[in-house]
Amino acid sequence: MTYKDVLGRELKANDLVVMQQPNYADLLIGKVESFTPKKVRVSFQKHHGKPGERDTKLFDSYYLYRMHDEDAIVYRLQHPNS
């Protein structure tokens, strides 16, 4: 099965995505970890967690925005432990 973001672009494991944090209005950056038959598993920095402490949630793919490759590279360079 193919999973697509809000703009119809295919999502793959390890893609960086922008999404709305569950129960908050904030946007955050997460990493696609895996796929279930209906949803995408994404890990992200916990809202009130310690640095490096991550949470994992399932999202419908149309709530995710896959980052452009250039932006993802810059983010990974600036946040090597993410």
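Everything below is about the structure printed above this text.
Conventions and cut-offs
- Residues numbered from 1 in each chain as written.
- Predicted model: local features only at pLDDT ≥ 70, side-chain atom pairs only at ≥ 80, totals over all residues.
- Heavy atoms only, no water.
- Helix = DSSP H or I, 4+ residues; strand = E, 2+ residues; numbered from the N terminus.
- Contact = heavy atoms within 4.5 Å.
- Salt bridge = Lys/Arg side-chain N within 4 Å of Asp/Glu carboxyl O.
- Buried < 20%, exposed > 50% of the residue type's maximum accessible area, 1.4 Å probe, protein only.
- Core = buried A, V, L, I, M, F, W, Y, C linked by side-chain atoms within 4.5 Å.
- Polar contact = N/O pair within 3.5 Å; in protein donor to acceptor, adjacent residues only side chain to side chain.

Caption draft 1: Spatial organisation of the environment of I29. Topologically, I29 is positioned in strand β2 (residues 27-35). Placed 10 residues apart in sequence, I29 and M19 show a C-alpha to C-alpha distance of 6.5 Å. With residues near it in sequence (within four places) discarded, I29 still touches L16, V17, V18, F44, M67 and Y75.

Caption draft 2: Highlighting the pattern of salt bridges. One pass over the structure, following the stated rule, counts 4 salt bridges. Linking D5 and R9 is a salt bridge whose minimum nitrogen-to-oxygen distance equals 3.1 Å. You can call D5 buried: its relative accessible area is 3%. Residues K57 and D55 are paired through a salt bridge, measuring 3.7 Å at the closest nitrogen-oxygen approach. Since its relative accessible area comes to 24%, D55 is described here as partly exposed.

Caption draft 3: Structural detail: the nonpolar core. Membership of the largest hydrophobic core is limited to 11 residues, which are Y3, L11, V17, M19, L28, V32, V40, V42, F44, F59 and L64. Contributions of two or more residues to this core are made by β1 (16-20), β2 and β3 (40-45). Each residue touching V42, except ones within four places of it in the same chain, is listed here: V17, M19, G30, K31, E33, D55, T56, K57, F59 and L64.

Caption draft 4: The side chain of D5, seen in detail. Along the chain, D5 falls in the segment before β1. A polar atom in the side chain of D5 sits 2.8 Å from the backbone nitrogen of R9. With residues up to four places along the chain from it excluded, the contact list for D5 reads L11, S61, Y62, L64, Y65 and R66.

Distances and angles like these do not, on their own, reveal function.
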